[in-house]
Amino acid sequence: MPLSEHEQRMLEQMERALYAEDPKFATALEGSGLRTYTRRRVYQAVAGFLVGIALLMAGMVAKQVWLSVVGFLVMLGCAVLAVTGWRKAPKPGEQAGGGAGPQARRQGRQRRSVMDRIEQRWQKRRDEQGGH
C-alpha cells in the first residue's frame, strides 16, 4: 500500500534529520544487508559452479558417467542461482525493497505527477467533448 503525500514528506524529513545528525549511521542503514546477502549468494554460486566443473572432469577421468552428470547438474543449478541472484541484487545507489531512498521517491513522484497531468488532460478533453 503506497504512502500518502503527508507520510512521504514526514519520512523524508526524518531521513534528512537522520543524515544531518549521524551521516555515518544513516549510510550504514542504506540497504547494504540485502546487497551483501545477494553478493554472497552469487559468490557461493560461482564456487559451486567451479565444484561442478571439477566433478564433471573427475567423472570424465574416472569414466563415471553419473559423476559427470552430477557435475553438470551442479554447474547448471549454480549458474541459475548466480544469474537470479545478480538480477535481484540492488544497485549500489538503491535500497532494498524497491528503492525507498529519497532519489527513488523523487523519481516516483515525478512519474506520478506526469501521469497525473496526463490524466488531467484526458479528463479535460473528455469534458470538453462531452460539453459540445
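In this text, all values refer to a predicted model and were calculated from it rather than measured experimentally. (Residues numbered from 1 in each chain as written. Predicted model: local features only at pLDDT ≥ 70, side-chain atom pairs only at ≥ 80, totals over all residues. Heavy atoms only, no water.)

Peer 1: Requested: an account of the UniProt feature "transmembrane region" (unreviewed entry) in the chain, with residues and values cited.
Peer 2: Mapped onto this numbering, the UniProt entry gives "transmembrane region" (unreviewed entry) at residues 42-60 and 66-86. Helix makes up 100% of residues 42-60 and strand 0%, and the two end C-alpha atoms of the span are 27 Å apart. (UniProt positions renumbered as here; feature names shortened; annotations may be inferred. Helix = DSSP H or I, 4+ residues; strand = E, 2+ residues; numbered from the N terminus.)

Peer 1: If you had to explain helix α1 (residues 5-21) to someone new, which residues and values would you point to?
Peer 2: Helical geometry: 3.6 residues make up each α-helical turn, so side chains three or four residues apart lie on a common side. Helix length check: α1, at 17 residues, gives a terminal C-alpha distance of 24 Å against a target of 24 Å (1.5 Å per residue), a fit within 8%. For α1, the complete set of buried residues consists of Q8, E12 and E15. For α1, the arc enclosing every buried residue in end-on projection is 60 degrees, short of the 170-degree limit, so these residues lie on one face. Projecting away from the buried face of α1 at angles above 90 degrees are the exposed residues M14, A20 and E21. (Expected span 1.5 Å × (residues − 1). Buried < 20%, exposed > 50% of the residue type's maximum accessible area, 1.4 Å probe, protein only. Arc of directions from axis to C-beta.)

Peer 1: Can you lay out the confidence of the model for the chain for me, pointing to particular residues and giving the numbers?
Peer 2: On average, the chain scores 76 in pLDDT, and the residues at 70 or more come to 67%. The weakest mean pLDDT in the chain belongs to helix α5 (residues 96-99) at 46; the strongest belongs to helix α4 (residues 65-88) at 87. For residues 95-100, every residue scores under 50 in pLDDT, and the model assigns this stretch nine contacts once sequence neighbours within four places are set aside. (pLDDT = per-residue confidence, 0-100. Contact = heavy atoms within 4.5 Å.)

Peer 1: Break down unusual backbone geometry for me, with residues and values.
Peer 2: Of note, the phi angle at K63 is positive, near 55 degrees, even though the residue is not glycine. With respect to the helices and strands, the residue K63 is situated in the loop between α3 (32-61) and α4.

Peer 1: Which residues make up the environment of R41, and what values go with them?
Peer 2: Note on placement: R41 falls in helix α3. Residue class for R41 comes out partly exposed when judged on its relative accessible area of 23%. For the pair R41 and C78, spaced 37 residues apart in the sequence, the C-alpha separation amounts to 9.8 Å. Not counting residues within four places of it along the chain, the set of residues in contact with R41 comprises L81 and T84.

Peer 1: Any chance you could break down the side chain of S68 for me, citing the residues and the numbers?
Peer 2: Among the secondary structure elements, S68 is positioned in helix α4. S68 sits in the buried class, given a relative accessible area of 12%. Within the structure, S68 has its side chain in polar contact with the backbone oxygen of L56 (distance 3.3 Å). With sequence-adjacent residues up to four places away left out, S68 is seen in contact with L55, L56, G59 and M60. (Polar contact = N/O pair within 3.5 Å; in protein donor to acceptor, adjacent residues only side chain to side chain.)

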